[in-house]
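Examining the three-dimensional arrangement
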Amino acid sequence: VLSLPWLQPVLTSPEGPDVAPVEEEPLFTNLDIFLFSLIVGLLVYWFLSRKKSEETIPEFKRLTPVVTPQRETSFIEKMKKTNRNMVVFYGSQTGTAEEFCGRLAKDAQRYGMRGMSADPEEYDMSELPRLAEIDNSLAVFCMATYGEGDPTDNAQDFYDWMQENGEDLKGVNFAVFGLGNKTYEHFNAMGKYTDKRLEELGGKRIYDLGMGDDDGNLEEDFVSWKEQFWPAVCEHFGVEATGDDTSIRQYELVVPTDINMNKVYTGEMGRLKSFETQKPPFDAKNPYLATVAVNRQLNQAGDRHLMHLELDISGSKIRYDSGDHVAVYPVNDVSIVNRIGQILDADLDTVISLNNLDEESNKKHPFPCPTTYRTALTHYLDITNPPRTNVLFELAQYATDPKDQDTLRKMASASPEGKGLYQSWVLDAQRNILAVLEDMPSLHPTIDHLCELLPRLQARYYSIASSGKVYPTMVSICAVVVEFQTSTGRTFKGVATNWLKNKVVVTDNGHKATVPMYVRKSQFRLPFKASNPVVMIGPGTGIAPFMGFLQERGWMKEQGKDVGETILYFGCRRRNEDFLYQQELEEFEKAGVLTQLNVAFSRDQEGKVYVQHLLKKNKEHLWKLIHTDNAHIYICGDARNMARDVQNTFYDIAEEVGGLTHTQAVAYIKKLMTKGRYSLDVWS
C-alpha cells in the first residue's frame, strides 16, 4: 500500500554491506530484521492514527446564524402597515423623475391622501393588482424615457412585467406623468406606453397622461399637470384639499454629540470609505477612482476650451466597448459652497445627519449621512442649476420682506404670470441658488432645510472616445468646457467640464488627480460584420465615439479581417481653430482605415456649411451604401438641430435618389432604426 522507493535496496539486497559470506547464508541479517521491524511499526502506527483521525471528527460549536431582516418587497403590505393609500413609482435615470415623485408623495397630505414614493426596482410589481385591496387607493407613475424610447434602468423589470403579463388591474386607479424631450425620436415613449398598457390591463385612469418636455420647460409642464391632477384626485375620491400651504419637512436635523470621524461620509456615493478601499464591481453606487493620465486642450484657438482626457482604469476590472458611456461624478465649485455658507452664517464643517421623519421610508437620508454641510454642498447637492419651483415655494417662508415672499410664491404657482416670472427671472437668467440668495437679501433660510430641498448632484455622461479592444486600461473623454455670461452679469460654469478642465495629471503635492467614474453600457455599437460599411456623422465633440470606432476598425484590419467602407462626416467652426483630432484622423485616412474623411468648416467661408450639406453632395454614393450595401449609419451630437437636420437630409436622399415619396422615405428611415442600422447618441 505504501510505496517507499528509498527502502528498496535494503529490502531486496541479499547482503548487508559488511556481512561476510558463510556456508549457510541466513535469509535476513540482524540489520535487515531491525529495519524491517521499524518499517512495520511505522506502518501500523500510521494506519491506526489515520483510522483514529477518520473516526474522531472534532466537534465544532454551531454558530447561530445572524438573521438579517428581509427588505420589504411588498409595497401593498407596506402601505397597509403604514396606513397609506397612494404610491408614487418613478422610472428615473438622472434623478428628476424621482424628485417629482417625492414631491407628489409629500403633497398628498394636503389633498386628503397619504402617499409614499417607491422605486419599482425595489418592489414586487406583480402585486399591482392587489392595490384594489386598499380603499380609495391610487398608483401614480413618473416615468422618464431613456435612449431610443427605452425604460430607465430601474424601470426595466416593471416594463418587462407590463409587456409579458396580462393580469387584471380592475379596481386599480392610476395616473401617469411622463418625462421626455421633443427633440428625440421617441418622445415620452415610456410614459405613453405605461399609460396605455395600464388601461389595457383594466386599470382606471383618474387623470390624463402628463407629458413633460425637457427641451422646453419640464418644471412648468409638471407644475401645470399637478395643478389639475390634485383637483381630479379630490373629485374622484370625494376628499377635500386641506388648504394648508405650510411647509412640510420630510427630514429632521440631528447634530451628533459624540462624533467618530471615521463614520462620517466625505463624498462617497454608497459604502463608507469606498474611496479608500476600492472593491469591484464598480457602478453608480460604487464608482472607481480613476487616475487622470492625460489632460490636453484639443483646439488651437478660439474662445472655447475643448479637451481630451484619458482615465487610467488598469486594475479595476472595468470592461467597455466602443460606443459605451463613461459616467463621472463631479465636485461643485468651492467658491460657491463657501459663499452659501457665508450668506447663511453657517459653520460648514458641522457634522450633521438629516433623518427621514417617516421611519418606514426606504430612503433614510436625502444624501449619505452623517456628513458635513461642506461635503453635502460640495459632493451631494446640485447648487449650480436653477432651483425648481418647489424649492422656491418652501424657501418663501424664510423671506422677511413680504414682497420677496410674494414673488417666490408666485413663481412657484401655475398662474400664467407666475410661470412667466419663473421663466425670465430664474431660467433665462440662469440664477442658481446662490444668485437667488444674493438677489433677495431678505431671504435667509436655515442651511439644513436648504440641504433637504436641493436636488442631488448627478453623474455626467460622456461618449467614450476610445476602443476597449485597443486601449483596455484607458477610457478617453472628449468634451467642451461650458462657460458663459448670464443676463445678470454672472459667469455660469458647467460643473463637470470646469472640474475636469482643472484635473492636472499630477497635483502640486505630487499626487495623481483622480475622477470617480463607472461605465454605462450603450446600444451604440459597430455592426457585427466588419465588412458592413459604416457612415459616421458627428460635428464638434460628437466625434467622440467615432474615435473609438476608428481605432477598432483599424484593429480589425490589422487582424486581417475584411473591413468595409468607413466614412466620417465631421463638422467644426474653422480648420485652424477646432479641427479636433486632425492628426489622428489624417493618419487613419493614410492607413486606409478611414476610407472617406468629409469635414464641414462652418465658418471658413461666407455661407455656413454643415455636415448635412456634405451628405447632400454625396447623395448617390450614400444611397448605394444604405440601400444596396447594408451600411450602418451613426449620428452623435446635438439633438435639437443637427440630428433633426441630418435625418431630414436622409429623407431627401431617399426621395431624390431612391424615388420614394416623403411618407415612404420616413418609413424607410424608421425601418433602418428598428433594424439597428440607424443609431443615435445625441443630447440636447
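In this report, the structure presented in the accompanying data block is examined. All values derive from a computational prediction rather than experimental measurement.

What counts, and at which threshold
Residues numbered from 1 in each chain as written. Predicted model: local features only at pLDDT ≥ 70, side-chain atom pairs only at ≥ 80, totals over all residues. Heavy atoms only, no water. Helix = DSSP H or I, 4+ residues; strand = E, 2+ residues; numbered from the N terminus. Buried < 20%, exposed > 50% of the residue type's maximum accessible area, 1.4 Å probe, protein only. Contact = heavy atoms within 4.5 Å. Pairing = 2+ DSSP bridges. Axes fitted to C-alpha atoms, helices over the stretch in contact; angles between N-to-C directions. Parallel < 35°, antiparallel > 145°, perpendicular 65-115°, else oblique. Nonpolar A, V, L, I, M, F, W, Y, C, P; charged D, E, K, R; others polar. Phe/Tyr/Trp six-rings, centres within 6.5 Å; stacked < 30°, edge-to-face > 60°. Lys NZ or Arg CZ within 6 Å of the ring centre and 35° of its normal. Lys, Arg positive; Asp, Glu negative; His and termini not counted. Salt bridge = Lys/Arg side-chain N within 4 Å of Asp/Glu carboxyl O. Polar contact = N/O pair within 3.5 Å; in protein donor to acceptor, adjacent residues only side chain to side chain. Expected span 1.5 Å × (residues − 1).

Description of the overall build of the protein chain
- Scanning the protein chain from terminus to terminus reveals 22 helices and 23 strands.
- Within the protein chain, the fraction of its 684 residues that count as buried is 49%.
- In the protein chain, 75% of the contacts between residues at least 6 apart in sequence involve partners at least 24 apart.

Some thoughts on the sheet that holds strand E21 (residues 596-601)
- Taken in spatial order, the five strands make up an open sheet running E21-E20-E19-E22-E23, and their pairing is parallel. One side of each edge strand has no neighbouring strand; the edge strands of this open sheet are E21 and strand E23 (678-683). In this sheet, neighbouring strand axes are inclined to one another by 10° on average, regardless of whether the strands run parallel or antiparallel.
- Strands in contact with helix H21 (residues 639-656) are strand E19 (534-537), strand E22 (632-638) and E23; relative to E22, the strand with the most contacts, it is inclined by about 150°.

Description of the packing of helix H11 (residues 402-411) against helix H12 (residues 416-428)
- Two elements in contact, H11 and H12, have axes separated by 7 Å at closest approach and are oriented at 105°. One element, H11, and the other, H12, form an angle in the roughly perpendicular class. Contacts from Thr-407, Lys-410 and Met-411 of H11 reach H12 at Glu-417, Gly-418, Leu-421, Tyr-422, Trp-425 and Val-426.
- Looking at side-chain class alone, the contact of H11 with H12 contains five nonpolar, two polar and two charged residues.

Brief notes about the pairing of E21
- Counted residue by residue, E21 has five buried out of six residues, so it is predominantly covered.
- Direction of pairing for strand E20 (residues 566-572) relative to E21: parallel, over a ladder of six bridges. Bridge pairing in E21 links Ile-567 to Gln-596.

Let's talk about the pairing of strand E3 (residues 138-146)
- For E3, a buried count of nine out of nine residues is recorded, marking the element as mostly surrounded by other parts of the structure.
- Relative to E3, strand E1 (residues 86-91) runs parallel, the two sharing six bridges. Counterpart to Val-87 in the pairing with E3 is Ala-139.
- Where E3 folds back onto strand E4 (residues 150-151) in an antiparallel hairpin, the turn is made up of three residues, including Gly-147, whose phi is positive at roughly 60°.

Re the packing of aromatic side chains
- With the rule as written, the count across this model stands at 28 aromatic pairs.
- Plain terms: the ring middles of Phe-367 and Tyr-380 are 6.0 Å apart, the flat faces sit at 15° to each other, and that makes the pair stacked. Pair noted here: Phe-367 is in the loop between strand E12 (351-356) and strand E13 (371-372) and Tyr-380 is in helix H9 (residues 373-380), with a separation of 13 residues, a long-range link. You'll find Phe-367 and Tyr-380 in the same group, each marked buried.
- Through pairs of rings, three or more aromatic residues link up here, namely Phe-100, Tyr-111, Phe-177, Tyr-207, Phe-222, Trp-225, Phe-229 and Trp-230.
- Here the basic side chain of Arg-431 rests over the ring of Trp-425, its NZ or CZ set 4.0 Å away from the ring centre.

So, the side chain of Asp-119
- The residue Asp-119 is located in the loop between strand E2 (115-118) and E3 in this model.
- Notably, Asp-119 is buried but unbridged: the nearest opposite-charge side chain belongs to Lys-285, and the N-O separation is 6.3 Å.
- Side-chain polar atoms of Asp-119 contact the backbone nitrogen of Glu-121, separated by 2.9 Å.
- One polar contact links Asp-119 to Asn-154, side chain to side chain, over a distance of 2.9 Å.

Here we look at the environment of Glu-77
- Inspection of the secondary structure assignment puts Glu-77 in helix H3 (residues 75-81).
- Glu-77 sits in the partly exposed class, given a relative accessible area of 34%.
- With 53 residues separating them along the chain, Glu-77 and Arg-130 place their C-alpha atoms 9.8 Å apart.

A word on H21
- Spanning 18 residues, H21 covers 25 Å between terminal C-alpha atoms, matching the ideal 26 Å at 1.5 Å per step.
- Taken as a whole, H21 has its buried residues at Ala-639, Met-642, Ala-643, Val-646, Gln-647, Thr-649, Phe-650, Tyr-651, Ile-653 and Ala-654.
- Residues of H21 that are buried make contact with E19, helix H19 (611-617), helix H20 (619-627), E22, helix H22 (662-674) and E23.
- Here H21 starts with a cap whose side-chain oxygen sits 3.0 Å from the backbone nitrogen of Arg-640, and that cap is Asp-638.

None of the figures reported here should be taken as evidence of function without further support.
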